[in-house]
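Below, each chain spelled out in residue letters.
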2 protein chains.
Amino acid sequence: MYRVYGDMLSGNCYKIKLLLRFLSIEHEWRHVDILAKETHSPEFIAINSNAKIPVLKINDAEYLSESNAILNYLAEGSVYLPASGLARARVLQWQFFEQYSHEPYIAVARFINKFLGLPADREQEYQSKQADGHKALAIMERQLGDTRFLIGDSPSIADISLYAYTHVADEGGFCLNEYPHIVSWCSYIEALPNYVSMARENA
Amino acid sequence: MYRVYGDMLSGNCYKIKLLLRFLSIEHEWRHVDILAKETHSPEFIAINSNAKIPVLKINDAEYLSESNAILNYLAEGSVYLPASGLARARVLQWQFFEQYSHEPYIAVARFINKFLGLPADREQEYQSKQADGHKALAIMERQLGDTRFLIGDSPSIADISLYAYTHVADEGGFCLNEYPHIVSWCSYIEALPNYVSMARENA
């Protein structure tokens, strides 16, 4: 049975939980407290030298890190990941967009605001995230005006990757009311069988 | 025939050139000047709403962006990308590491220094990139002490992704002499058939 090291309040970890539930894959969830710096313990560094969650334990010798790599691994052969070709590459296009052009703004603004309580010495950084966060949301909005899910008519792991931090973007100061297609898309994901919300008690 | 929109001096674009050469795939290279803001023209936004290079033109209707998504698309079925399973996911683990934990430090420090000439108003930002850049290099060094290439005995697109900005890290202020395994690894990549160096005249 897989073991996930993570914190449900982290969007990157929540992605893994969502896919595991959608695919009804049994797993154990091991809570790791980032604020208590548990990702920097020698035991944790031994399983991920980059000191980040989530990590998927495959077996006693093999661990996989990077949330989107884990999603690709778990989704292989399922309806959430096209088998090959441009559709599969399009999933990755959205996932790399998420990590480079979305997460560093929306997730980091949320972290500063929700978890650190918007301290004065990080307020300027928080404000600096807003414009690029909105740019990322506008790119999603444009796509979701054309297609029901990010790569077409049915959900893929690209949607799971982008949903994780988008649906709680308000916690980083981003009001989603400006993005009606994103709001509808969130409701489609929330209506999928086995959907689970982002709460520690759901881990 | 594929067309690539890019600039060879951008590591993200150079990745695509390297793989196309390694796989002997014919292609056309269309130079795009970032400093002249050509990625922000209406014509360019129409092919990539995120206004970034590289972009791969697949056909008149289909364009693919995000360097690592393009690599996965082009490498499908080749020796540079394992067909499935943990090895394939491990490639993605390194590529997501590259985009989140390596490129934002090493490539951005290089950009500020080499392309902008280290202006006074960005010197603090430049300095702030150094510690995390070295952290990324240390993680690579550790892996390359265990395996010849990032995921084992033979090169994959994970190596191409990480090589692009690592081999010019000195242009961002990172001296590679501290990382002997990285230096050896660079030499293994540079010895591969059809290797081409990062220069505009090689596009």
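Worth saying up front: this structure is predicted, and the values here are computed from it rather than measured.

## Notes on the pattern of salt bridges
All names here are of chain A. What the rule picks out here adds up to 20 salt bridges over all chains. Ionic pairing is found between K57 and D60, a salt bridge with its closest N-O pair at 3.0 Å. Taking relative accessible area as the criterion, D60 reaches 68% and is therefore assigned exposed.

## Regarding the interface of chain B and chain A
Chain B puts 35 residues into the contact, and the matching count from chain A is 35 residues. In total, chain B and chain A occlude about 3100 Å² of area from one another, counting both sides; carbon and sulfur atoms represent 61% of this. Of all residues in chain B, L86(B), F96(B) and Y100(B) bury the most surface against chain A, accounting for 22% of the area lost on that side. If you look at where chain B meets chain A, you find 2 salt bridges. In this structure, E62(B) and R90(A) form a salt bridge, with 2.8 Å as the shortest nitrogen-oxygen distance. With 16 residues, helix α4 (residues 85-115) of chain B is the largest single contributor of residues to the side of chain B that touches chain A.

## As for the relation of the copies chain B and chain A
Note on the identical chains: chain B maps onto chain A by a rotation of 180° and an axial translation of 0.0 Å, with an RMSD of 0.0 Å. On this basis, the relationship between the two copies can be described by a two-fold rotation axis. Judged by C-alpha distance, Y100(B) is the residue of chain B that lies nearest the rotation axis, at 3.2 Å. Of the residues that chain B buries at the interface, 100% are likewise interface residues in chain A, meaning the two copies contact each other through the same surface.

## Some details on helix α6 (residues 130-146) of chain A
All names here are of chain A. Its 17 residues give α6 an end-to-end C-alpha distance of 25 Å, which sits within 8% of 24 Å, the value for a rise of 1.5 Å per residue. Where α6 is concerned, the buried positions are Q130, G133, A136, L137, I139, M140, E141 and L144. The inward-facing, buried residues of α6 contact α4 (85-115), α5 (123-128), α7 (157-166) and α8 (180-190).

## Focus: helix α7 (residues 157-166) of chain B
Residues and elements named next belong to chain B. A large share of α7 lies buried, amounting to 10 of its 10 residues. Within the sequence span of α7, burial applies to I157, A158, D159, I160, S161, L162, Y163, A164, Y165 and T166. In this fold, the buried residues of α7 make contact with α1 (11-22), α3 (67-75), α4, α6 (130-146) and α8 (180-190). One side-chain oxygen of the residue at the start of α7 lies 3.1 Å from the amide nitrogen of A158, identifying that residue as S156.

## Some words on the domain arrangement of chain A
Residues and elements named next belong to chain A. When cut into domains, chain A gives domain 1 (2-75) and domain 2 (85-190). Domain 1 and domain 2 are separated by 21 Å when their C-alpha centres are compared. Contacts between domain 1 and domain 2 engage 16 residues on the former and 17 residues on the latter. Roughly 1400 Å² of surface becomes buried between domain 1 and domain 2 when both sides are summed, with 63% attributable to carbon and sulfur atoms. Where domain 1 meets domain 2, there are 1 salt bridge. The partner of K15 in a salt bridge is E98, and the shortest N-O contact between them spans 2.9 Å. The tally of links between domain 1 and domain 2 comes to 8 residue pairs in polar contact (both at pLDDT 80 or more). The element that contributes the greatest number of residues to the side of domain 1 that touches domain 2 is helix α1 (residues 11-22), accounting for 7 residues. When its residues are assigned to classes, the side of domain 1 that touches domain 2 shows 8 nonpolar, 6 polar and 2 charged.

Parameters at a glance
- Residues numbered from 1 in each chain as written.
- Chains lettered and ligands numbered in written order.
- Predicted model: local features only at pLDDT ≥ 70, side-chain atom pairs only at ≥ 80, totals over all residues.
- Heavy atoms only, no water.
- Salt bridge = Lys/Arg side-chain N within 4 Å of Asp/Glu carboxyl O.
- Buried < 20%, exposed > 50% of the residue type's maximum accessible area, 1.4 Å probe, protein only.
- Contact = heavy atoms within 4.5 Å.
- Buried area = accessible area lost by both parts, 1.4 Å probe.
- Helix = DSSP H or I, 4+ residues; strand = E, 2+ residues; numbered from the N terminus.
- Least-squares fit on C-alpha atoms with pLDDT ≥ 70 in both.
- Expected span 1.5 Å × (residues − 1).
- Polar contact = N/O pair within 3.5 Å; in protein donor to acceptor, adjacent residues only side chain to side chain.
- Domains from an automatic or database assignment.
- Nonpolar A, V, L, I, M, F, W, Y, C, P; charged D, E, K, R; others polar.

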